[in-house]
Amino acid sequence: MPHPVMFRDDDPALAKVRTIALEFPEAYEKVSHGRPSFFVTKMFLMYGGSVKPATKGAGYVQYPQSIMVKVDESDRRALEADHRFFFPAYLGPAGWLGLNLAATKKPDWREVTELIDASYRLTAPKKLVARLDEA
């Protein structure tokens, strides 16, 4: 049984995230687990996320306008202290954090780009990271 679609293709925040993500060398998009996801050889970005409920039996808390990125352990504590970030269900234990883009009236797209760049660098093959550095 496929996952339900959990995004709106006309979402302006998704359009901006797509523009940023697809500028990285050999990046491509596909829907994975009902969400737009961006890959090189591995996934480096997912749009939309959820948090496992604290109460057993409660539904997941959804963050439809968010990004989930892999983060360097040296940055984790500072990011977790920021109220806009969340520990995503399923991907959190593998080193990922979510950024709720709707937590402020206007997302800081420079910060979003930096987070996506860092996630790409943690997941992409070295030859693609070298191409990125050459650009």
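Residues numbered from 1 in each chain as written. Predicted model: local features only at pLDDT ≥ 70, side-chain atom pairs only at ≥ 80, totals over all residues. Heavy atoms only, no water.

A. Structural view of the pairing of strand 4 (residues 61-70). Summarising the sheet, strand 3 (residues 43-51) and strand 4 pair through six bridges and their orientation is antiparallel. Its bridge partner lying in strand 4, Ser 50 is registered against Gln 62. Pairing of strand 4 with strand 6 (residues 96-100) involves five bridges; the strand directions are antiparallel. Within strand 6, the position partnered with Val 69 by the bridge is Leu 97. (Pairing = 2+ DSSP bridges. Helix = DSSP H or I, 4+ residues; strand = E, 2+ residues; numbered from the N terminus.)

B. The arrangement of the pattern of salt bridges in detail. This model, assessed by the stated rule, comprises ten salt bridges. Asp 9 is the partner of Arg 18 in a salt bridge, and the nearest nitrogen-oxygen pair spans 2.8 Å. Assessed through its relative accessible area of 18%, Arg 18 is described here as buried. Measuring nitrogen to oxygen at the nearest pair gives 2.7 Å for the salt bridge that ties Glu 29 to Arg 18. Here Glu 29, found in strand 1 (residues 28-32), pairs with Arg 18, found in helix 1 (residues 12-21); they are eleven residues apart in sequence, far enough to count as distant. (Salt bridge = Lys/Arg side-chain N within 4 Å of Asp/Glu carboxyl O. Buried < 20%, exposed > 50% of the residue type's maximum accessible area, 1.4 Å probe, protein only.)

C. Expanded view of empty space enclosed by the protein. Evaluated as defined, the whole model comprises one cavity of 30 Å³ or more. When its volume is computed, the largest cavity comes out at roughly 40 Å³. Lining the largest cavity we find Arg 84, Leu 99, Asn 100, Leu 101, Thr 104, Pro 107, Asp 108, Glu 111 and Val 112. Broken down by secondary-structure element, the contributors of at least two residues to the lining of the largest cavity are strand 6 and helix 3 (109-123). Residue composition of the lining of the largest cavity, grouped by class: four nonpolar, two polar and three charged. (1 Å grid on protein atoms, 1.4 Å probe; cavity = no way out; pocket = protein on both sides within 12 Å on 5 of 7 lines; lining within 4 Å. Points joined across faces, edges and corners; volume = space filled by probe spheres on them. Nonpolar A, V, L, I, M, F, W, Y, C, P; charged D, E, K, R; others polar.)

D. How the structure looks around the nonpolar core. The biggest cluster of nonpolar side chains holds 28 residues, and the ones touching the most others in it are Phe 44, Leu 45, Ile 67 and Ile 116. Secondary-structure elements contributing two or more residues to this core are helix 1, strand 3, strand 4, strand 6, helix 3 and helix 4 (126-134). Ranked by residues supplied to this core, first place goes to helix 1 with five residues. Apart from the residues within four sequence positions on either side, Ile 67 is in contact with Val 17, Leu 45, Met 46, Tyr 47, Leu 97, Gly 98, Leu 99, Leu 101, Val 112 and Ile 116. Judged by nonpolar contacts, the second largest core, of eight residues, contains Phe 39, Met 43, Met 46 and Phe 86. (Core = buried A, V, L, I, M, F, W, Y, C linked by side-chain atoms within 4.5 Å. Contact = heavy atoms within 4.5 Å.)

E. Layout of the packing of aromatic side chains. Throughout the structure, instances matching the rule amount to six aromatic pairs. Relative to Phe 44, the ring of Phe 24 has its centre 6.0 Å away and its plane inclined at 65°; by these criteria the two rings are edge-to-face. Taken together, the positions of Phe 24 in the loop between helix 1 and strand 1 and Phe 44 in strand 3 put the pair 20 residues apart, joining distant regions of the chain. Comparing Phe 24 with Phe 44 shows no difference in burial state: the two are buried. Put simply, the rings of Phe 24, Phe 44 and Tyr 120 pair up and form one aromatic cluster. Against the face of Phe 39 rests Lys 30, its NZ or CZ located 4.8 Å from the ring centre. (Phe/Tyr/Trp six-rings, centres within 6.5 Å; stacked < 30°, edge-to-face > 60°. Lys NZ or Arg CZ within 6 Å of the ring centre and 35° of its normal.)

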